[in-house]
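# A closer look at the structure
If you want the building blocks of each chain, they are given just below.
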Amino acid sequence: MPKVEEFDTFYDSTSRYVTHLTYAESGDRTLTEEAVAEAYEKAWQGWGKQRTRDPLAFVRGEAFRHARVARGTRPWRRRNEDDSDVALIEALQGLGNRTRRLIILQTLGELDLSSAARDLAMTDADAVTETQQAVTELEQALGQSIGQVESRLLGLSEISERIPLQRPASIRGKARKRSRRRTLGSVAAATAAVVAAGLAVAPTAPMSPAVASASTTRSSGMFWASAISWGSTSRPVASPII
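Residues numbered from 1 in each chain as written. Predicted model: local features only at pLDDT ≥ 70, side-chain atom pairs only at ≥ 80, totals over all residues. Heavy atoms only, no water.

## A closer look at the overall build of the protein
Selection rule: Secondary structure follows DSSP: runs of H or I at least 4 residues long count as helices, runs of E at least 2 residues long count as strands, and numbering of each begins at the N terminus. Think of it in three bands: residues with accessible area under 20% of the maximum for their type are buried, residues over 50% are exposed, and the middle band is partly exposed, with areas taken using a 1.4 Å probe on protein chains only. Every residue pair with non-hydrogen atoms within 4.5 Å of one another is taken to be in contact. Note on areas: Shrake-Rupley with a 1.4 Å probe; residue coverage comes only from the protein chains shown.
Along the protein, the regular secondary structure elements total eleven helices and zero strands. Starting at the N terminus, the α and β elements of the protein follow one another as α-α-α-α-α-α-α-α-α-α-α. A buried classification covers 36% of the 242 residues belonging to the protein. Taking contacts inside the protein between residues at least 6 apart in sequence as the whole, the part at least 24 apart equals 71%. Counting every atom, the protein has about 14000 Å² of accessible surface; 57% of that belongs to carbon and sulfur.

## Some details on the nonpolar core
Nonpolar side chains in soluble globular proteins tend to be buried together. Heads up, the rule is: Put simply, a nonpolar core is a bunch of buried Ala, Val, Leu, Ile, Met, Phe, Trp, Tyr and Cys residues held in one set by side-chain atoms that sit within 4.5 Å of each other.
By size, the foremost hydrophobic cluster in this structure holds 28 residues, and its most contacted members are Leu88, Leu92, Leu105, Leu138, Leu153 and Leu156. Those elements giving two or more residues to this core turn out to be α1 (3-26), α5 (86-93), α6 (97-106), α7 (113-119), α8 (124-142) and α9 (146-160). With residues near it in sequence (within four places) discarded, Leu105 still touches Leu21, Arg60, Phe64, Glu110, Leu111, Ala116, Asp119 and Leu120. If you look at the next biggest cluster of nonpolar residues, it comprises 15 residues, including Ala43, Val59, Ile171 and Ala175.

## Topic: the side chain of Thr19
Put simply, the test is: Within 3.5 Å is the distance limit for a polar contact, defined as a pair of N or O atoms, with the added protein rule that one can donate a hydrogen and the other accept it, and that residues adjacent in sequence qualify only through two side-chain atoms.
Position of Thr19 among the secondary structure elements: in helix α1. Relative accessible area serves as the criterion here: at 1%, Thr19 is assigned to the buried category. Of the polar contacts made by the side chain of Thr19, one reaches the backbone oxygen of Ser15; its length is 2.7 Å. With sequence-adjacent residues up to four places away left out, Thr19 is seen in contact with Thr32, Val36, Ser160, Ile163 and Leu165.

## Overview of the pattern of salt bridges
Side chains that differ in sign of charge can pair as their charged atoms come close. Inclusion rule: The salt bridge criterion pairs a side-chain nitrogen of Lys or Arg with a carboxyl oxygen of Asp or Glu, the two atoms within 4 Å.
Going through the model one piece at a time under the given rule, you end up with twelve salt bridges. We note a salt bridge from Arg65 to Glu38, for which the minimum N-O separation is 3.9 Å. In this pair, Arg65 is assigned in helix α4 (residues 55-73) and Glu38 in helix α2 (residues 29-45), connecting sequence segments 27 residues apart. Residue class for Glu38 comes out buried when judged on its relative accessible area of 18%.

## Observations regarding the packing of α1 against α6
Definition in use: For helices, the fitted line uses only the C-alpha atoms of the stretch in contact; every axis is such a line through C-alpha atoms, and the angle between N-to-C directions lies from 0 to 180 degrees. Two helices cross in a left-handed way if the nearer one is turned anticlockwise from the farther one by less than a right angle. They cross in a right-handed way if the turn is clockwise. Following the grouping adopted for this structure description, the nonpolar residues are Ala, Val, Leu, Ile, Met, Phe, Trp, Tyr, Cys and Pro, the charged ones are Asp, Glu, Lys and Arg, and the polar ones are all others, Gly among them.
Contact pair α1 / α6: the axes reach a minimum separation of 10 Å and the direction vectors enclose 145°. Here α1 and α6 pass one another in a crossing that is right-handed. Of α6, the residues touching α1 (which contributes Leu21, Ala24 and Glu25) are Arg100, Ile104 and Leu105. Of the residues that constitute the contact of α1 with α6, the class distribution is four nonpolar, no polar and two charged.

## A word on the confidence of the model for the protein
A low pLDDT score tells you not to read the predicted coordinates there in detail. This is how the line gets drawn: Scored from 0 to 100, pLDDT records how confident the predictor is in each individual residue.
On average, the protein scores 80 in pLDDT, and the residues at 70 or more come to 69%. Of all secondary-structure elements in the protein, the lowest mean pLDDT belongs to helix α11 (residues 209-232), at 42, while α8 reaches the highest, 97. Contacts from residues 184-193, a stretch scored under 50 in pLDDT, to residues over four places away or in other chains number zero contacts. Every residue in residues 211-242 scores below 50 in pLDDT, and together they form twelve contacts with partners more than four places removed in sequence or on other chains.

## A word on α1
One full turn of an α-helix is made of 3.6 residues, so residues set three or four places apart face in the same direction. Which entries qualify depends on this criterion: Here the bend at a residue means the angle between the axes of two seven-residue stretches, the one that ends at it and the one that starts at it.
If you look at α1, its biggest bend is around 45°, right at Thr14. Within two residues after α1, Gly27 carries a phi angle of roughly 70°, on the positive side.

## Describing the packing of aromatic side chains
For clarity, the threshold we go by: What counts as a ring pair is set by centres within 6.5 Å for rings of Phe, Tyr and Trp (its six-membered ring), and what kind of pair is set by the plane angle: stacked under 30 degrees, edge-to-face over 60, tilted for all other angles.
Inspection of every chain in the model, using the stated rule, returns six aromatic pairs. Taking the centre distance of 6.5 Å and the plane angle of 25° together, the rings of Phe7 and Tyr11 count as stacked. Highlighted residues: Phe7 and Tyr11, both in helix α1, separated by four residues, approximately one helical turn. Considering the side-chain rings of Phe10 and Trp47, the 5.3 Å spacing of their centres and the 35° angle between planes classify their relative orientation as tilted.

## Remarks on the environment of Thr99
Residue placement: Thr99 occurs in helix α6. Residues Thr99 and Gln133 lie 34 residues apart in sequence; the distance between their C-alpha atoms is 8.9 Å. Setting aside its immediate chain neighbours within four residues, Thr99 contacts Glu130 and Ala134.

Shown next, in the form of C-alpha cells:
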C-alpha cells in the first residue's frame, strides 16, 4: 500500500477514537480538535518510523500530552461546556495526570489493565493500585458506584462525536508546512552561528597613531565630562585613568 494511502487509512480508522479519549482528558472541544490534529501531523512527519511501531499508541500519547500542556499553559481554556458532563470532567481533572489517563484508557480506550499499564510504562501492580485509588476518588466525588461512573465516562463519547475532524490531506499538508518551517529555522540558526563565528575570529586592522590619539582624547573627554557631572551633584569625583 502506498505511504499516503496507508496513513490516510490509519487516520480515518482511528481519529474518532483518539478524539473521544482526548476529550475525556481535556473537557474542551476546541482544544481536543487541536490536540488530535497535531498528534496526527507529528505521526505523518515520522510515518516512516511510526508505521512499523505502534502508531496508535503514538498519537494517543501525543494528543494526551498536547491537551495536558495546553490546559496548563492557557488557563483561560479551563472552561466547562454547558452540554457536557461538567461534574465528571471536574472529577477526572481532580485525578493525577497518569491516573486520569489510566482510567480513560481502560474505559473509553477499551484497553485491559495490562495494556493500559504498558501504554503508560507502568507495572501491572502499580496500575492496579492507581486504578483502585482512582475508582474510590471518583465514587466519592460523584456519589455513585463505579458502574455508574463508567457509564458516564462512556457517555462523553456522545459529545466528542460532534467534534469536527480534519481531512487526512489537510493533516498531511500542515505537517509538511511544519517541517518546512523547522528546516528554514534550522538553516537560519546555522547561518547566524557561522556569521557570528566569522566575526569573532576576523582580524582587526591596527589603528594608525593619529586615529589612536584621537580615540584616546575622545574617551578621556567623555570620562571627564561624566566625572564633572557626578561632581556637580556632590558625588565623589572619579580619578582620571592614565
